Amino acid sequence: MAGKAVIRRKPTQERAKERVERILAAASELIAVTGSDAVRMSEIASRAGVPIGSLYQYFPDKPAILRMLALRVMERVREGLKESLAGIETTKEARIRVDQLLEGYYALFITEPDVRDIWSAIQSDKTLQVLDIEDSRVNGKVVFDALKHLVPKRDLPRFEVGCFLLMQLTGAAVRLAIAVDRKEGDRLMKEYRALTQREFVALLGA
């Protein structure tokens, strides 16, 4: 479903793949400067150095480009999640790593304006809303698989649900934090991290 919703013509040759990469890079650069609402397809084509007709061969409209960029952010976050949670052996280490993940996730949206704008666009795109929930489910499974050896067997079902909730609620908390001014956003994320730490300890059976 994701492929059909995102890209019209899947590139197979290296030249075509390189062209799509230029299109996506150009879109990201423009979004970082002006925001996605102000970016036009013609500007993306011009910055990428491709004919406007070629742009439409791959992406039927601007939302399709935003979807592809959002999917790449999801993939990037998931790979970072797997890497950060690898090899955890103690509950204390799990708490520290999870807190660092939350801090890093918030920092991603603060330091990269294009990512922040792309993520905001998800809220008005029904296709991406579905993908966002599924992304939280998959990321929750990543957390569950990485830490389930620390949880009593009887508590595993509750822990699995908790991991899914952690991922979905983290996305919601970050979106709220970046929607307000930076000072308030920082306070919100500090409190959310504290709440998560308390709940996470309980989920781990500590």
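Cut-offs applied
Residues numbered from 1 in each chain as written. Predicted model: local features only at pLDDT ≥ 70, side-chain atom pairs only at ≥ 80, totals over all residues. Heavy atoms only, no water. Core = buried A, V, L, I, M, F, W, Y, C linked by side-chain atoms within 4.5 Å. Buried < 20%, exposed > 50% of the residue type's maximum accessible area, 1.4 Å probe, protein only. Helix = DSSP H or I, 4+ residues; strand = E, 2+ residues; numbered from the N terminus. Contact = heavy atoms within 4.5 Å. Phe/Tyr/Trp six-rings, centres within 6.5 Å; stacked < 30°, edge-to-face > 60°. Axes fitted to C-alpha atoms, helices over the stretch in contact; angles between N-to-C directions. Parallel < 35°, antiparallel > 145°, perpendicular 65-115°, else oblique. Left-handed = near helix turned anticlockwise from the far one by under 90°. Nonpolar A, V, L, I, M, F, W, Y, C, P; charged D, E, K, R; others polar. Patch = residues over 30% accessible without salt bridge, like charges linked within 9 Å, V, L, I, M, F, W, Y side chains within 5 Å. Areas by Shrake-Rupley, 256 points an atom, 1.4 Å probe, with all protein chains shown as cover. Salt bridge = Lys/Arg side-chain N within 4 Å of Asp/Glu carboxyl O. pLDDT = per-residue confidence, 0-100. Polar contact = N/O pair within 3.5 Å; in protein donor to acceptor, adjacent residues only side chain to side chain. Expected span 1.5 Å × (residues − 1).

(A) Expanded view of the nonpolar core. Core analysis: the biggest nonpolar cluster contains 63 residues, and Ile23, Ile44, Phe59, Ile65, Leu147 and Phe159 have the highest contact counts within it. Examining the composition of this core, we find that 11 residues originate from one element, helix α5 (residues 62-85), more than from any other. Not counting chain neighbours up to four residues away, the residues in contact with Phe159 comprise Phe144, Leu147, Lys148, Val151, Phe200, Leu203 and Leu204.

(B) Structural context of the packing of aromatic side chains. Under the counting rule described, the total for this entry stands at three aromatic pairs. Geometrically, the ring pair formed by Tyr105 and Phe109 is edge-to-face, given 5.0 Å between the ring centres and 80 degrees between the ring planes. Residue Tyr105 and its partner Phe109 are both found in helix α6 (residues 91-111); the two are separated by four residues, about one turn of the helix. Look at Phe159 and Phe200: their rings are 6.3 Å apart centre to centre, the planes differ by 55 degrees, and that puts the pair in the tilted class.

(C) Quick look at the packing of helix α8 (residues 126-147) against helix α9 (residues 156-179). Between α8 and α9, the shortest axis-to-axis distance is 8 Å and the interhelical angle comes to 130 degrees. Comparing the axis directions of α8 and α9 gives the class oblique. For the element pair α8 and α9, the recorded crossing hand is right-handed. Only Leu156, Phe159, Glu160, Cys163, Phe164, Met167, Gln168 and Arg175 of α9 make contact with α8, whose side of the interface consists of Asp132, Ile133, Ser136, Arg137, Asn139, Gly140, Lys141, Val143, Phe144 and Leu147. For the contact of α8 with α9, a count of residues per class yields nine nonpolar, four polar and five charged.

(D) Focus on a nonpolar patch on the surface. On the surface, Val161, Leu165 and Leu169 cluster together into a nonpolar patch covering about 270 Å² of accessible area. Here Leu165 lies in helix α9.

(E) Just the confidence of the model for the protein, in detail. Looking at the protein, the pLDDT average stands at 88 and 92% of residues meet or exceed 70. Of all secondary-structure elements in the protein, the lowest mean pLDDT belongs to helix α1 (residues 2-6), at 45, while helix α3 (residues 41-48) reaches the highest, 96.

(F) View of the side chain of Arg175. Positionally, Arg175 belongs in helix α9. A polar contact of 3.4 Å, which involves the side chain of Arg175, links it to the side chain of Asp132.

(G) Up close: α5. With 24 residues, α5 should reach 34 Å at 1.5 Å per residue; the first-to-last C-alpha distance of 35 Å fits that figure. The opening residue of α5, the one whose side-chain oxygen lies 3.0 Å from the backbone nitrogen of Ala64, is Asp61.

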